[in-house]
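Residues per chain are reported as follows:
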Amino acid sequence: MTGRYQTRFGHEFNPAGAKQGMPVDQVTIAQHMRALGYLTALIGKWHLGNETKMHPTERGFQEYFGFLGGAHPYFPGKGKEILRGTKAVEEKEYLTDALGREACAFIDSHANDPFFLYLAFNAVHTPMQATQKYLDRFPNLKTGQRKTYCAMMSAMDDAIGRVLAKLREKGLEEDTLIFFFSDNGGPIMVGTTINGSINFPLRGSKRQLLEGGVRVPFALQWKARLPGGKTYDQPIISLDILPTSLSAAGGEIKSEWKLDGVNLLPFLEGKIQKAPHEMLFWRFGEQMAARKADWKMVRYDKTGIHLYNLKDDIGESKDLAAQRPEMLREMQDAWNEWNRGNVAPLWGGGAKVKLQ
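Scope of this entry: the structure provided in the associated data block.

Parameters and conventions
- Residues numbered from 1 in each chain as written.
- Predicted model: local features only at pLDDT ≥ 70, side-chain atom pairs only at ≥ 80, totals over all residues.
- Heavy atoms only, no water.
- Helix = DSSP H or I, 4+ residues; strand = E, 2+ residues; numbered from the N terminus.
- Rg over C-alpha atoms; globule rule 2.2 N^0.38 Å.
- Buried < 20%, exposed > 50% of the residue type's maximum accessible area, 1.4 Å probe, protein only.
- Contact = heavy atoms within 4.5 Å.
- Lys, Arg positive; Asp, Glu negative; His and termini not counted.
- Charge placed at Lys NZ, Arg CZ, Asp CG, Glu CD.
- Pairing = 2+ DSSP bridges.
- Axes fitted to C-alpha atoms, helices over the stretch in contact; angles between N-to-C directions.
- Polar contact = N/O pair within 3.5 Å; in protein donor to acceptor, adjacent residues only side chain to side chain.
- Expected span 1.5 Å × (residues − 1).
- Salt bridge = Lys/Arg side-chain N within 4 Å of Asp/Glu carboxyl O.

Remarks on the overall build of the protein chain
Piece 1. When its secondary structure is counted, the protein chain shows 8 helices and 11 strands.
Piece 2. Scaling as 2.2 N^0.38, a compact globule of 356 residues should have a C-alpha radius of gyration of about 21 Å, and the protein chain matches this with 21 Å.
Piece 3. Each principal axis of the C-alpha atoms in the protein chain carries an extent, and together these give about 55 × 50 × 45 Å.
Piece 4. Per-residue burial for the protein chain yields a buried fraction of 47% across its 356 residues.
Piece 5. Pairs at least 24 apart in sequence give 57% of the contacts found in the protein chain among residues at least 6 apart.
Piece 6. Separation between the mean location of the 46 positive side-chain charges and that of the 40 negative ones in the protein chain comes to 3 Å.

As structure tokens, then:
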């Protein structure tokens, strides 16, 4: 949303209180795109604050259809409201279907205008709810959470397919830059919103900085400019979406914005051969991690800091900290330097975050 690590401005944990949310001095991708003359819309989940000043329509989105907060039900009449703009509306469709419908309607209405659409599905987050239409697609799975998970995923897949078909119908497919990615790994450990995910061969869960918590699906398409069917093997991060989008739209990236993301286009086009990031970093309460090429340093519990080579050990099962102390020290020093640019969390966490 900002192209910056959230620890730069204190949004380290999900907002829970009424006044908690992304600080209003942070400029969003929607505000940047709007400044470039794009129509902007958010359809779906907004979990960055419920106060009026933090509402999507105050953060750069001209159109909004969705819900505030997390864990929203999928069936109508279940207690949490759906908003169109700032007004509650009655929604009768299964929520994932409704979000796909609204995205297609937005494209229909603005096919002749440059637009930026952020389509934030809540599937496959709990509560686990699916219609019989999607459940019936998995007759070989027994009734239960995994079957519902698959059904919910299938519903989202259909909705995304309808959006892509709408772009094709309107003649926009070639010159539309599309990102698809997940927000985190599957929640599989006690204390998380367990939903039937399977993270194998990755180790760890949502709310952990092991690969099972932070490595996610990421796909990018721009048919007029980028070749299809290819895999890019260098580590990237969702922070890269903002500068990549602005560059694609002809915008200028300014140093005073202090972005942590980078424009991926020259890397994907082969104009720059090196990795987009020398290192990537994470901080989540007392957990910390850093990634450099194939090396991953991580503290995910009270057992200390571990070092893994992800090329040889994607499941993070062989701790090489004792064998490669110089690599561990180098990555720890780099993380400490990065962390000096962070601030204390504005709320939450339950444990004191060590800033040095």
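So, the sheet that holds strand β2 (residues 63–68)
Within a sheet, each strand pairs with its neighbour through backbone hydrogen bonds, oriented either parallel or antiparallel.
Piece 1. The strand order across the open sheet built from 5 strands is β4-β3-β2-β1-β5, with neighbouring strands paired in mixed fashion. Because the sheet does not close on itself, it has two edges, and the strands there are β4 (87–89) and β5 (115–120). Averaged over all neighbouring strand pairs, the angle between strand axes comes to 25°, with direction disregarded.
Piece 2. Where strand β1 (residues 39–46) meets β2, 6 bridges bridge the pair, whose relative direction is parallel.

Section: the sheet that holds strand β8 (residues 280–284)
Piece 1. Taken together, the 4 strands give an open sheet; going across it, the order is β8-β9-β10-β11, and neighbouring strands pair in antiparallel fashion. Looking at strand neighbours, the two that pair on one side only are β8 and β11 (306–309), the edges of this open sheet. Sheet twist, expressed as the mean angle between neighbouring strand axes with direction ignored, is 15°.
Piece 2. Where strand β10 (residues 295–299) meets β11, 4 bridges bridge the pair, whose relative direction is antiparallel. In the strand pairing of β11, Trp 295 is matched with Asn 309.

Re the environment of Arg 225
Piece 1. Considering the arrangement of structural elements, one finds Arg 225 in the loop between β7 (218–221) and α6 (241–248).
Piece 2. Assessed through its relative accessible area of 37%, Arg 225 is described here as partly exposed.
Piece 3. In this structure, the C-alpha to C-alpha distance between Arg 225 and Pro 266, residues 41 residues apart in sequence, is 11 Å.
Piece 4. Aside from chain neighbours lying at most four places away, what touches Arg 225 is Leu 265 and Glu 269.
Piece 5. Within the structure, the side chain of Arg 225 is placed 2.5 Å from the side chain of Glu 269, a separation counted as a polar contact.

What to know about α6
Note that an α-helix has 3.6 residues per turn; residues three or four places apart therefore point the same way.
Piece 1. Where burial is concerned, most of α6 is hidden: 6 out of the 8 residues are buried.
Piece 2. For α6, the complete set of buried residues consists of Ile 241, Leu 242, Pro 243, Thr 244, Ser 245 and Leu 246.
Piece 3. Structurally, α6 contributes buried residues whose contacts are with α1 (29–35), β6 (178–181), β7 and α7 (265–268).
Piece 4. Immediately downstream of α6, the backbone of Gly 250 shows phi near 90°, a positive value.

A closer look at helix α2 (residues 95–109)
Piece 1. Between the first and last C-alpha of α2 there are 21 Å, a value that for 15 residues agrees with the 21 Å anticipated at 1.5 Å per step.
Piece 2. Within the span of α2, buried status applies to Leu 95, Thr 96, Asp 97, Ala 98, Leu 99, Gly 100, Glu 102, Ala 103, Cys 104, Phe 106 and Ile 107.
Piece 3. Its buried side turned inward, α2 meets β1, β2, β3 (82–84), β5, α3 (132–135) and α4 (145–169).

As for the pattern of salt bridges
Piece 1. By the definition in use, this model includes 24 salt bridges.
Piece 2. A salt bridge links Arg 101 to Glu 102; the nearest nitrogen and oxygen atoms lie 2.8 Å apart.
Piece 3. Of the residues examined, Arg 101 reaches a relative accessible area of 30% and is grouped as partly exposed.
Piece 4. Put simply, Glu 269 and Lys 271 hold a salt bridge, and the shortest N to O gap is 3.5 Å.
Piece 5. Through salt bridges that share partners, Arg 84, Glu 91, Glu 93, Arg 101 and Glu 102 make up one connected network.

With respect to the side chain of His 11
Piece 1. Among the secondary structure elements, His 11 is positioned in the segment before α1.
Piece 2. His 11 sits in the buried class, given a relative accessible area of 9%.
Piece 3. Ignoring sequence-local partners within four residues, the contact set of His 11 consists of Gln 6, Gly 21, Met 22, Leu 48 and Trp 347.

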